[in-house]
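Structural features, examined
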Amino acid sequence: MFLSSLSRRERALLFFFASLLLVALFGPELMPVGLGGAPFADDRGWQNLPYAMDVLSNLPFAALGVWGLRWLHWHDQAHEDVQDAVPHRLLAQPPVNLLDCAWMFFAGLIITAAGSAFYHLQPDALRLAADRAGMTVAFAGLIGCAVCERISARAGWAAAWFVLGGGLLAVAISQQTGNVLPWGLVQFGGMALVLVLALAKPVQGAIGLRLGWVIFFYGLAKLFELGDYAIYEATHHLVSGHSLKHLTAALAALPMLHALQAMGRETLRHNPGAAVVTA
């Protein structure tokens, strides 16, 4: 009965998440090589700040997170003002579930900045867990937005919470047992899902989130991470691949900001009197 109420894409998403869960529960343990990438190429300090570049390169996450949250706050306030001025039947309703996922995503960027900086100040297993926990919040919000765009709004909100809960559990398992298989499934399985969704046709009411650019920046960040030492040597110790990874990964927020701002302009254009109210 439940399955019959789902669309074809919703059933496929449910099957995908169920498959990841089964692999996480019954798959072989996967032990990490090193400590989440440590030691890193650039170990230089600045003033009294150790590993300065790997710490400070997290600032773009925080900046874009704050930018996104400020925009979402403005949008919510503008919509409330318009509701008071425009008859409800004439008011175009915003995609509430997608916006909720966007709140989670941008908040996750700020938490990621804090967690990653905390980790890079003194890399160890406990701090790595804090780093991954912040990333999980951002992943959950991103995947929720992607599912809202390509599958359905109700599936997007559910997917965000599934990834958030599963991701935090995966972080705890990795911290307690050393098994990184569940965490790998969250990170790479989640990005594989976003890649597949990027190839799918947007659903009605989608805001135009360009998932292909998100995948591009994520993939480029991974390449920088893999080339940490090589890039550090090639740039004559100017910048390491890991620092570039942080900077590039933060750029994955730009397609989200662009889509939300475009949606805001469309909302104002289609709601009579809205532009006057929000001016």
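This write-up is about the structure you can find in this document. (Residues numbered from 1 in each chain as written. Predicted model: local features only at pLDDT ≥ 70, side-chain atom pairs only at ≥ 80, totals over all residues. Heavy atoms only, no water.)

Considerations on the overall build of the protein
Selection rule: Helix and strand definitions here come from DSSP, where helices need a minimum of 4 consecutive H or I residues and strands a minimum of 2 consecutive E residues; each element is numbered from the N-terminal end. Here's how the labels work: a residue is buried when its accessible area is under 20% of the maximum for its type, exposed when over 50%, partly exposed in between, all with a 1.4 Å probe on protein chains only.
When its secondary structure is counted, the protein shows 12 helices and zero strands. Start at the N end of the protein and walk to the C end: the helices and strands fall as α-α-α-α-α-α-α-α-α-α-α-α. Classification of the 279 residues of the protein by burial places 46% in the buried group.

Details of unusual backbone geometry
Positive phi outside glycine occurs at Tyr51, with the angle close to 45°. Within the secondary structure, Tyr51 is located in the loop between α1 (8–26) and α2 (52–56). Phi angles above zero are rare outside glycine, and His236 is one such case at about 55°. With respect to the helices and strands, His236 occurs in the loop between α9 (228–234) and α10 (241–250). The exposure class of His236 is exposed, given its relative accessible area of 72%.

Let's talk about α10
In terms of burial, α10 is a largely internal element, seven of the 10 residues being buried. Within α10, the full set of buried residues consists of Gly241, His242, Ser243, Lys245, His246, Thr248 and Ala250.

Some details on the pattern of salt bridges
As a reminder of what qualifies: A carboxyl oxygen of Asp or Glu within 4 Å of a side-chain nitrogen of Lys or Arg is what we treat as a salt bridge.
What the rule picks out here adds up to six salt bridges. Between Lys222 and Glu225 there is a salt bridge, with the nearest N and O atoms lying 2.9 Å from each other. With Lys222 and Glu225 both in helix α8 (residues 211–226) and three residues apart, the pair spans about one turn of that helix. For Lys222, a relative accessible area of 19% puts it in the buried group. The partner of Lys245 in a salt bridge is Glu225, with the nearest N and O atoms 3.2 Å apart.

What about α1?
Put simply, the rule reads: Each residue after the first adds 1.5 Å to the expected span of a helix. Starting at the helix axis, one direction is taken to each C-beta atom, and the arc is that of these directions. In what follows, a contact means two residues having at least one pair of non-hydrogen atoms within 4.5 Å.
Taking 1.5 Å of rise per residue, the 19 residues of α1 would be expected to cover 27 Å, and the 27 Å separating its terminal C-alpha atoms lies within 8% of that figure. Those residues of α1 that sit buried are Glu10, Leu13, Phe17 and Leu20. Along the long axis of α1, the arc covered by the buried residues comes to 90°, so they all point the same way. Exposed and facing more than 90 degrees away from the buried side of α1 are Arg8, Phe15, Leu22 and Phe26. Looking at the buried side of α1, the elements it contacts are α5 (125–150), α6 (153–177) and α7 (181–198).

Considering the packing of aromatic side chains
Two descriptors summarise a pair of aromatic rings, namely the distance from one centre to the other and the angle between the planes of the rings. This is how the line gets drawn: Side-chain rings of Phe, Tyr and Trp (the six-membered ring for Trp) are treated as a pair once their centres are within 6.5 Å; stacked means planes under 30 degrees apart, edge-to-face means over 60, and tilted covers the remaining angles.
For the structure shown, the criterion picks out 10 aromatic pairs. When the ring of Phe105 is compared with that of Phe106, the centres are 5.1 Å apart and the planes differ by 65°; the resulting orientation is edge-to-face. Assessed through its relative accessible area of 0%, Phe106 is described here as buried. Ring centres of Phe139 and Trp183 lie 6.3 Å apart, and the angle between their planes is 40°; this geometry places the pair in the tilted category.

Focus on the environment of Leu30
Within the secondary structure, Leu30 is located in the loop between α1 and α2. With 154 residues separating them in the primary sequence, Leu30 and Gly184 have C-alpha atoms 9.1 Å apart.

Focus: the packing of α1 against α7
In plain terms, the rule: Simply put, an axis is a line fit to the C-alpha atoms, just over the touching stretch for a helix, and the angle between two N-to-C directions goes from 0 to 180 degrees. Our angle categories are set so that under 35 degrees counts as roughly parallel, over 145 as roughly antiparallel, 65 to 115 as roughly perpendicular, and the remainder as oblique. When the near helix sits turned anticlockwise from the far one by under a right angle, the crossing is termed left-handed; a clockwise turn instead gives a right-handed crossing.
In contact at an axis separation of 9 Å, α1 and α7 are set at 160° when each is read in the N-to-C sense. Taken together, the axes of α1 and α7 are roughly antiparallel relative to one another. Crossing handedness for the pair α1 and α7: right-handed. Side by side, α1 and α7 meet where Leu13, Phe16, Phe17, Leu20, Val23 and Ala24 of the first sit next to Leu181, Pro182, Leu185, Gly189 and Leu193 of the second.

The quantities given are spatial measurements derived from coordinates; they are silent on function.
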